[in-house]
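# Close look at the chain arrangement
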Amino acid sequence: EWTPRQSSDLYRVPNWGAGFFSISEEGSMLVHPRLSDGPSIDLPKLANELDRRGLRRPILIRFSDILASSIEGLAGSFETAIEEHEYQGRWRGVYPIKVNQQAKVVQEIIEFGAPFGVGLEAGSKPELLIDLALLDTPDALLICNGYKDRAYVETALLAQRLGRNPVIVIDRYN
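These notes cover the structure that comes with them. All values reported here derive from a predicted model rather than from experimental measurement.

## Re the pairing of strand 6 (residues 141-144)
Along strand 6, one buried face is formed by Leu 141 and Ile 143 and the opposite face, lined by Leu 142 and Cys 144, is buried too. Taking the sense of rotation as the criterion, the β-α-β connection linking strand 5 (residues 119-122), helix 6 (residues 125-134) and strand 6 turns out right-handed. Bridge count for strand 6 against strand 7 (residues 165-168) is four bridges, and the pairing is parallel. Residue Ile 143 lies in a different strand from strand 7, and its bridge partner there is Val 167. One crossover worth recording links strand 6 to the parallel strand 7 by way of helix 7 (residues 150-158), and it is right-handed.

Here you go:
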């Protein structure tokens, strides 16, 4: 007889779930958006409830608390390493919006990353314009990466007048 524990082991839920996901005793996938600090959500029950309400699949379900915890954990890891190794610099995290350009995701990364000075990275002119419109965290970096024509460089330099901190990455001299 197959057990929930065997499913958890087979799919290595503890490895990739990082405490945010687990398999219940009944065999359902659970989400723990606040880890042990809050309730768990039974994903099959949630999907059934959304079906009952008339929402059609596929459905994208995001848990903002997981994003917030991940940013906090990453910043905390760097803070610990900096203290342990008596590093004189500081951690300057940036999020490349090409990873996920959904407005809500980028806005939450800026919101949850603000206490840690998390900035954004732009690899194109459209990304740079998005970053300029959204990033207002004092002292956060705006990394300008990718292909740079004259308009891209001028926009990046004008970002300073908007109070942003652009860093133009030169990867090819020509």
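## Thoughts on helix 5 (residues 103-113)
Those residues of helix 5 lying buried are Val 105, Val 106, Glu 108, Ile 109, Ile 110, Phe 112 and Gly 113. Where helix 5 is buried, its residues contact helix 4 (64-84), strand 4 (94-96), strand 5 and helix 6.

## So, the nonpolar core
Soluble, globular proteins show a tendency: their nonpolar side chains are buried together. Residues Tyr 95, Leu 120, Leu 128 and Leu 142 are the most contacted members of the largest nonpolar core, which totals 23 residues. Put simply, the parts of the chain that give this core at least two residues each are helix 4, helix 5, strand 5, helix 6, strand 6 and helix 7. Counting residues per element, this core draws most heavily on helix 5, at five residues. Non-local contacts of Leu 128, meaning those with residues more than four positions away in its chain, are made with Ala 122, Leu 142, Cys 144, Tyr 152, Thr 155 and Ala 156.

## A word on the sheet that holds strand 7
Strand order in this open sheet of four strands is 4-5-6-7, and the pairing throughout is parallel. Edge positions in the open sheet fall to strand 4 and strand 7, since each of these has one partner strand only. Across this sheet, the average inter-strand angle for adjacent strands is 25°, counted without regard to direction. As paired strands, strand 5 and strand 6 are joined by three bridges and run parallel to one another.

## Remarks on unusual backbone geometry
What is expected of a backbone is that most residues other than glycine have negative phi and most peptide bonds are trans. The linkage connecting Arg 57 with the following residue, Pro 58, adopts the cis geometry, with an omega of 5°. Mapping Pro 58 onto the fold places it in the loop between helix 3 (43-52) and helix 4. The backbone of Arg 12 sits at a positive phi, close to 55°, despite the residue not being glycine. Along the chain, the position of Arg 12 falls in the loop between helix 1 (4-10) and helix 2 (13-17). Not every positive phi belongs to a glycine, and Glu 86 is a case in point at roughly 50°. Structurally, the position occupied by Glu 86 is in the loop between helix 4 and strand 4. The exposed category is assigned to Glu 86, whose relative accessible area is 63%.

Cut-offs and rules
- Chains are numbered independently. Their residues run from 1 in the order of the written sequence.
- The model is predicted, so local features are restricted to residues of pLDDT at least 70 and side-chain atom pairs to those at 80 or more, both for listing and for counting; the totals for chains, interfaces and linings are taken over all residues.
- Side-chain measures here rest on the full set of heavy atoms in the structure, leaving out hydrogens and waters.
- When a residue's accessible area, from a 1.4 Å probe over protein chains only, is under 20% of the maximum for its type it is buried; when over 50% it is exposed; and in between it is partly exposed.
- To qualify as a helix, a DSSP run of H or I must reach at least 4 residues; to qualify as a strand, a run of E must reach at least 2; elements of each kind are numbered from the N terminus.
- When the strands point away from the viewer, a crossover counts as right-handed if the path from the first strand over the helix to the second runs clockwise.
- At least two bridges found by DSSP between two strands is the condition for calling them paired.
- Throughout, a residue-residue contact means that at least one pair of heavy atoms, one from each residue, lies within 4.5 Å.
- Buried Ala, Val, Leu, Ile, Met, Phe, Trp, Tyr and Cys residues form a nonpolar core when they are joined through side-chain atoms within 4.5 Å.
- Axis definition: a line fitted to C-alpha atoms, limited for helices to the stretch in contact. Angles are taken between N-to-C directions and run from 0 to 180 degrees.

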